[in-house]
Amino acid sequence: MAFAGSEPRRNVSATVVKLLIAGGFGVGKTTMVGSVSEISPLRTEEAITQASAGIDDLTGVESKTTTTVALDFGRITINPELILYLFGTPGQDRFWFMWDELAQGALGAVVLADTRRLETCFPAVDFFERRGLPFVVGVNCFDNAYRYGTEEVRAALELDETVPILLCDARDRESTKQVLVVLMQQVMAQAALARR
Amino acid sequence: MMMMPREDDTWFDDAAGPIARPYTITGGRTHADNIDLQLLSLVVALPGPAEADSMAPEYARIVRLCQRPLSVAEIAAHLDLPVPIVKVLLADLIERGHVIYRTSQPLSEAPDQHVLQAVLDGIRRL
């Protein structure tokens, strides 16, 4: 309907949920976000000195030490009452302290792995394991990259057998959907276990 | 609280970097008291776009943008301003009654099974 009245349109009661897309720098996180987002991935900047230390003035040196972390994210409006945001985590190691804030309230995470540089996703795997946040590993199949089997990746990452691993193509909408479906199944399974 | 005098706007220089300038929009304020806005808090403007014309430019941009519910993160991205700045501007608009926001924490680490199922179904339908 073109004119549904102003009430539904001005409604801020929708439930907001988020999923994280983690992995090393340049592994395809933003590409994956963009493949399913209804908006082009947006980039927002968090100013670190303010957010992390609560610095209340900008008298001189702080402005020079302020670092900004760019966060790329997308949106999927599932229905007017339910909005899903997909957040790419900062890929650089020096932004680790941002992860706690990002992980807060997240339903789960995709750890995107590049088999040419598998070690770059170790920190993300460690982080989600320690935090008990449900996650799946997506092995992004880059062109020309040697393709390991999922079990080889599992062994290399020392992943628990309950953590799903999928081969995927972060550019491909259907492939990303499949990864997110498996992630949500994992989230629900973990939630069901926790209720027992 | 000690603050630099507002009228003295030469306290920063080019070397301060690009992050310093946006804070001049907020009069040097870096956080909003009392109003708990998070990255994914939803906000929506109450005035229509026409009413925004009489507002200061940064507020007008937010009001025009928020004709439908948007998260703080989306507003920051669209305005190309750091999140803390956007939170201060939004807090001003909220205090004046131009913007409403969701007060309760919208994110929960343990949403009920119905929400999870709806997310799963929604992804499948994409």
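Since the structure is predicted, the reported quantities are computational estimates derived from the model, not experimental observations.

**A closer look at the nonpolar core**
Part 1: Residues Val-110 and Val-111 of chain A together with Val-72 and Leu-90 of chain B are the most contacted members of the largest nonpolar core, which totals 78 residues.
Part 2: Element by element, the count of residues in this core is highest for helix α4 (residues 83-95) of chain B, at eight residues.
Part 3: Setting aside residues no more than four positions away along its own chain, Val-110 of chain A makes contact with Ile-21, Ala-22, Phe-135, Val-136, Gly-138, Val-179 and Leu-183 of chain A.

**Some thoughts on the confidence of the model for chain B**
Residue and element names in this part refer to chain B.
Part 1: The predicted model of chain B averages 81 in pLDDT, with 71% of residues at 70 or higher.
Part 2: Every residue in residues 1-5 is under pLDDT 50, and counting partners more than four places away or in other chains gives four contacts.
Part 3: The ipTM value of the predicted complex is 0.85, and its pTM value is 0.82.

**Considering the sheet that holds strand β1 (residues 42-45) of chain B**
Residue and element names in this part refer to chain B.
Part 1: With antiparallel pairing, three strands are arranged side by side in an open sheet as β2-β1-β3. Each end of this open sheet is capped by a strand with a single partner; those strands are β2 (70-71) and β3 (99-101).
Part 2: Sheet topology places β1 next to β3; three bridges connect them, and they run antiparallel. Paired with Val-43 across the bridge in β3 is Tyr-101.

**Some details on the packing of helix α2 (residues 29-36) of chain A against helix α8 (residues 173-195) of chain A**
For any two helices packed against each other, one specifies the crossing angle of their axes together with the interaxial distance.
Residues and elements named next belong to chain A.
Part 1: For the pair α2 and α8, interaxial distance at closest approach is 8 Å and the crossing angle is 100°. Accordingly, the angle class assigned to the pair α2 and α8 is roughly perpendicular. Where α2 approaches α8, its residues Met-32, Ser-35 and Val-36 are matched on the opposing element by Arg-173, Thr-176, Lys-177 and Leu-180.
Part 2: Grouping the constituent residues of the contact of α2 with α8 by class yields three nonpolar, two polar and two charged.

Calculation rules
Residues numbered from 1 in each chain as written. Chains lettered and ligands numbered in written order. Predicted model: local features only at pLDDT ≥ 70, side-chain atom pairs only at ≥ 80, totals over all residues. Core = buried A, V, L, I, M, F, W, Y, C linked by C-beta atoms within 7 Å. Buried ≥ 20, exposed ≤ 12 C-beta atoms within 10 Å, placed from the backbone. Helix = DSSP H or I, 4+ residues; strand = E, 2+ residues; numbered from the N terminus. Contact = placed C-beta atoms within 7 Å. pLDDT = per-residue confidence, 0-100. Pairing = 2+ DSSP bridges. Axes fitted to C-alpha atoms, helices over the stretch in contact; angles between N-to-C directions. Parallel < 35°, antiparallel > 145°, perpendicular 65-115°, else oblique. Nonpolar A, V, L, I, M, F, W, Y, C, P; charged D, E, K, R; others polar.

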